[in-house]
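The lines below spell out each chain.
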Amino acid sequence: MRAKDLRDLTDEELDLQLHERRQELFNLRFQSATGALENSARLRLAKREIARILTVRNEREATVEQR
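Reading guide: rules and limits
- Residues numbered from 1 in each chain as written.
- Predicted model: local features only at pLDDT ≥ 70, side-chain atom pairs only at ≥ 80, totals over all residues.
- Heavy atoms only, no water.
- Salt bridge = Lys/Arg side-chain N within 4 Å of Asp/Glu carboxyl O.
- Helix = DSSP H or I, 4+ residues; strand = E, 2+ residues; numbered from the N terminus.
- Buried < 20%, exposed > 50% of the residue type's maximum accessible area, 1.4 Å probe, protein only.
- Polar contact = N/O pair within 3.5 Å; in protein donor to acceptor, adjacent residues only side chain to side chain.
- Contact = heavy atoms within 4.5 Å.
- Expected span 1.5 Å × (residues − 1).
- Core = buried A, V, L, I, M, F, W, Y, C linked by side-chain atoms within 4.5 Å.

Caption draft 1: Representation of the pattern of salt bridges within the structure. On inspection of all chains with the given rule, the structure shows seven salt bridges. Ionic pairing is found between D15 and R57, a salt bridge with its closest N-O pair at 3.8 Å. Residue D15 is located in helix α2 (residues 11-34), and its partner R57 is located in helix α3 (residues 41-66); the two are separated by 42 residues in the primary sequence. For E49, the salt bridge is made with R21, and the minimal N-O distance between the two is 3.0 Å. Separated by 28 residues along the polypeptide, E49 in helix α3 and R21 in helix α2 bring together distant segments of the chain. The same class applies to E49 and to R21, which are both buried. One salt-bridge network, held together by shared partners, links R21, E24, R42 and E49.

Caption draft 2: Representation of the side chain of R21 within the structure. A polar contact of 3.0 Å, which involves the side chain of R21, links it to the side chain of E49. Residues contacting R21, with those up to four places away along its chain left out, are E49, I50 and I53.

Caption draft 3: Quick peek at the side chain of E49. Exposure remark for E49: the relative accessible area of 10% places this residue in the buried category. Contacts of E49, omitting those with residues within four sequence positions, involve M1, R21, E24 and R42.

Caption draft 4: Structural detail: α3. Given a rise of 1.5 Å per residue, 26 residues ought to cover 38 Å, and the 38 Å separating the end C-alpha atoms of α3 matches this to within 8%. Looking only at α3, the buried set comprises L43, A46, E49, I50, I53 and V56. Where α3 is buried, its residues meet α1 (3-7) and α2.

Caption draft 5: Quick peek at the nonpolar core. Counting residues in each nonpolar core, the largest one holds 11 residues, listed as L6, L9, L14, L18, L25, L28, L43, A46, I50, I53 and V56. Counting residues per element, the ones that place at least two in this core are α2 and α3. No other element matches the five residues that α3 contributes to this core. In contact with L25, other than residues within four places in its own chain, are L43, A46, K47 and I50.

Written out as structure tokens, the structure reads:
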């Protein structure tokens, strides 16, 4: 998901997306440890999506603090 799309979401939806991505990352790491991971690039993508979500959240917090 792109940062532009994430900015259109509400805070609650962002929190839900963050929870889902973190759960996915946990599952991918578990699969990697057990040797069952088929697509190792998905690990990197999940980390990047988490970073994007956190960036959008931090931008919103900074905007609120400036007011």
